[in-house]
Amino acid sequence: MFRADVRRFGARAVRVRVDPGTVEALRASLAAEPLPGQLELVAGAESVTVRFDGAGSARRGERRLVDMTPPEAVPLDGPLVEIEVVYDGEDLRDVAEQLGTDEAGVVRMHTTRAWHVGFLGFAPGFAYLRSTEPVQEIARRASPRVRVPAGAVGLAGEYSAVYPRTSPGGWQLIGRTDAELWSLDRDPPALLVPGARVRFTAVRARIAVPAGPPPSLPVPRAGRGLVVRETGLQSLVEDLGRPGRAAIGVTRSGAADRGALRKANRLVGNPSGAAGIENAGGGLELVAAGEQVLAVTGAEAALVVESPDGRWRTVERGRPFALDDGDLLEIGPVTAGLRVVIAVRGGVDVPPVLGSRSTDTLAHLGPAAIAAGDVLPVGRAPRTVVGEPESLPAVPDGSSPTVLDVLHGPDAEIFPAGAWEHLLEEHWEVTPHSDRVGVRLAGQPLARADGEVQSQALVPGAIQVPPSGEPVVFVVDHPTTGGYPVLAVVAEHHLDRLAQLPLGSPVRFAATNATPDG
């Protein structure tokens, strides 16, 4: 029954676990008749996660889902996608041995079965395909490959999949296809979408005609904009992201410290979601091409403006300031926090991708990371006044533990007794392997969960516990789905604080029941 399998997933999401055979039926039912406040649906191996527009909508949706009649499996009648495959994969023989057949038997199995999209995750357009007939599970490779080429066809567990782009991977590779699984020129970009049926066809290898040299890119010219002289460790263009596309494997992404971007945009008179610059660690240097108005928020760092004639002045965080043509803004090393946010009046006007100018570092969507010599175009100034100077929230400086409020995660009950208390009592430390995908923590490892979970949706702030027992707290570029149990979720009011944790800083967790709208 649903009553035992409906669980909150943070403040604004609800996960519903069902029989794997009814996942698509539930997803299709909720897509056809959305719940009040429903924003998007993310299917998993045996669950559907519903994301809502607020905590109140999530609470009401949870009650509706608890009372819902369990769905029945329905015949799949989505669009049929035929994919031609050359079956010459590196692991074809190994798969044949696992199945107790020969290589031709693997091809027969793969081409005679009817497959359908179970869910998407791991990467944009990466569809986990289920067979309508029972399938013997295929063990993943003991050592994942560092590089799996785009178009590789693989098997793992009960699933088949086609890699939409070059990426690491541990699936057993049985062939390759020329089918374009992901294209931004298509709507939707993913060839395989929830509900689609898939049929594989064996073909002979084709002779590849070498492509001509790529067209040369135009040399950027410094019109009205910002010329990048130094980038620091990492500088990215970010706005508030691309929500609503998790069903095709695309997470929201956007500014890691969303509050800092909104505040910086208010200060320069922009709409709150205008694209700005997110810089990790300081060290960014920008030269104004034309007169500009900027504001800096987020992490603390010294801000110095130097004019072409050598005069210099300091400017303050949380206060708009003007740059004349040729002025240089130097952002020093951060002294507290991690990410400096810079807004420019008019916004950074790079071309949007799927409705957003954000760089998604995991999915490789959006503009490339900012490089020295880049010229960032600035849009037309809005017909608004600049904002009044504002006080900025304190950011972690690493001198004492940063406390993050957490809610119980949807898998908390499958952890051994004492795991929740261990999470709250331990002094964790942010490791150097942390990034916009996840904050990795070191400390006394947590006890493993009493059971495994199938791939399920993830949300910002989800605290996943891998086999090492050291938690990973997901940030804005998290994958859309993940296969480790989620013990806790960072409360929404502390997600910006999470984004500002300096590397090496101490962290503590505190239990809370607080939600944004009560």
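Cut-offs and rules
The residue count restarts for each chain, going from 1 along the sequence in the order it is written. At least 70 in pLDDT is required for a residue's local features to be given in this predicted model, at least 80 for side-chain atom pairs to be given and counted, and no such filter applies to totals for whole chains, interfaces and linings, which use all residues. Side-chain numbers here rest on the full set of heavy atoms in the structure, without hydrogens or water. We count a stretch as a helix when DSSP gives it H or I for four or more residues in a row; a strand needs E for two or more, and each element gets its number in order from the N terminus. Expected span of a helix, by definition, is 1.5 Å for each gap between consecutive residues, and there is one gap fewer than residues. Using a 1.4 Å probe on the protein chains alone, a residue whose accessible area is under 20% of its type maximum counts as buried, one over 50% counts as exposed, and one in between counts as partly exposed. Should any heavy atoms of two residues lie within 4.5 Å, those residues are considered in contact. Salt bridges are identified by distance alone: a Lys or Arg side-chain nitrogen within 4 Å of an Asp or Glu carboxyl oxygen. Points on a 1 Å grid, built from protein atoms alone, make a cavity when a 1.4 Å probe fits but cannot get out and make a pocket when they are open with protein on both sides within 12 Å along at least 5 of 7 lines; residues with an atom within 4 Å of a point are the lining residues. Grid points are joined across faces, edges and corners, and a volume is the space filled by probe spheres set on the points. Classes in brief: Ala, Val, Leu, Ile, Met, Phe, Trp, Tyr, Cys and Pro nonpolar; Asp, Glu, Lys and Arg charged; the others, Gly included, polar. Whenever a nitrogen or oxygen atom comes within 3.5 Å of another N or O atom, the pair is scored as a polar contact, on the condition that within protein one atom can donate a hydrogen and the other can accept it, and that pairs from neighbouring residues in sequence are kept only if both atoms are in side chains.

> It is not clear to me how helix α2 (residues 55-67) should be interpreted in this structure. Could you clarify?
Quick reminder: α-helices carry 3.6 residues per turn. Residues three or four places apart thus point the same way. Here α2 spans 19 Å end to end across 13 residues, near enough to the 18 Å set by a 1.5 Å rise per residue. Listed as buried for α2 are Ala55, Gly56, Ser57, Ala58, Gly61, Leu65 and Val66. Among the structural elements, β1 (6-8), β2 (13-17), α1 (23-32) and β4 (47-52) are those in contact with the buried residues of α2.

> I tried to follow the pattern of salt bridges on my own but got confused; where do I start?
When the charged atoms of two side chains lie near each other, side chains of opposite charge can form a pair. Counted under the stated rule, the structure contains 25 salt bridges. One salt bridge in this structure joins lysine 263 and glutamate 390, with 3.5 Å as the shortest N-O distance. Of this pair, lysine 263 sits in helix α5 (residues 258-268) while glutamate 390 is found in the loop between β22 (375-377) and β23 (402-408), placing the two residues 127 residues apart along the sequence. Under the relative-accessibility criterion, lysine 263 is labelled buried at 15%. Taking the shortest distance from any N to any O, the salt bridge between arginine 266 and glutamate 390 comes out at 3.4 Å. With arginine 266 in helix α5 and glutamate 390 in the loop between β22 and β23, the pair connects residues that are 124 residues apart, well separated along the chain. Judged by relative accessible area, which is 42%, arginine 266 ranks as partly exposed. Taking the relative accessible area as the measure of exposure, glutamate 390 reaches 25% and is therefore partly exposed. If you follow the salt bridges from partner to partner, you end up with Glu238, Glu278, Arg339, Arg436 and Asp477 in one network.

> Teacher, can you tell me more about the layout of surface pockets here?
Looking at the second largest pocket, its volume works out to about 1,100 Å³. Along the walls of the second largest pocket sit 45 residues, with Arg12, Arg252, Arg258, Glu492 and Leu495 positioned nearest its centre. Per-element accounting of the lining of the second largest pocket gives the leading share, five residues, to α5. Tallied by class, the residues present in the lining of the second largest pocket amount to 21 nonpolar, ten polar and 14 charged.

> What am I meant to see in the side chain of serine 160 here?
Along the chain, serine 160 turns up in strand β10 (residues 159-162). Given a relative accessible area of 0%, serine 160 falls into the buried group. Within the structure, the side chain of serine 160 is placed 2.8 Å from the side chain of histidine 110, a separation counted as a polar contact. Those residues in contact with serine 160 that lie beyond four places of it in its chain are His110, Trp115, Ala127, Tyr128, Leu129, Val153, Gly154, Leu155, Trp171 and Phe200.

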